[in-house]
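Residue-level structure breakdown
The chain contents come next:
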Amino acid sequence: MKTFTFAITHFSVAFTIAYLLTGSWVIGGTIALVEPAVNTVAYMIHEKLWERIDLPFFKSAAA
């Protein structure tokens, strides 16, 4: 449920910002659909890269 509500929040924020910047419902809706999808893939790549980086300072601070 938390993931679903976050997705709705993310969609709403993306749509609102895109609509306010462009004044277009179509562009706002398109950006609101595309941006979260691209952001999800970017986050997955970020996590994979972060797992490969050996930064003892950050690992000990998080432990």
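The sections below set out a description of the structure shown in this document. (Residues numbered from 1 in each chain as written. Predicted model: local features only at pLDDT ≥ 70, side-chain atom pairs only at ≥ 80, totals over all residues. Heavy atoms only, no water.)

Turning our eyes to something else, we now look at the overall build of the protein. Scanning the protein from terminus to terminus reveals 3 helices and 0 strands. Here the protein holds 63 residues, and the buried ones make up 14% of them. In the form shown here, the protein has an accessible surface area of approximately 5400 Å², with 75% of it arising from carbon and sulfur atoms. (Helix = DSSP H or I, 4+ residues; strand = E, 2+ residues; numbered from the N terminus. Buried < 20%, exposed > 50% of the residue type's maximum accessible area, 1.4 Å probe, protein only. Areas by Shrake-Rupley, 256 points an atom, 1.4 Å probe, with all protein chains shown as cover.)

Let us look at helix α2 (residues 25-52). Turn by turn, an α-helix covers 3.6 residues, leaving residues three or four places apart pointing in a common direction. Here α2 contains 28 residues, and its C-alpha end-to-end distance of 41 Å stays within 8% of the 40 Å for a straight helix at 1.5 Å per residue. For α2, the full list of buried residues reads Gly28, Gly29, Ala32 and Pro36. On its buried face, α2 sits against α1 (2-22). The backbone nitrogen of valine 26 lies 3.3 Å from a side-chain oxygen of the residue at the head of α2, namely serine 24. (Expected span 1.5 Å × (residues − 1). Contact = heavy atoms within 4.5 Å. Polar contact = N/O pair within 3.5 Å; in protein donor to acceptor, adjacent residues only side chain to side chain.)

We now examine the packing of aromatic side chains. Going through the model one piece at a time under the given rule, you end up with 3 aromatic pairs. Taking the centre distance of 6.0 Å and the plane angle of 10° together, the rings of phenylalanine 15 and tyrosine 19 count as stacked. Here tyrosine 19 and phenylalanine 15 lie together in helix α1, a separation of 4 residues that amounts to about one turn. Linked through ring pairs, Phe15, Tyr19 and Trp25 together constitute an aromatic cluster. (Phe/Tyr/Trp six-rings, centres within 6.5 Å; stacked < 30°, edge-to-face > 60°.)

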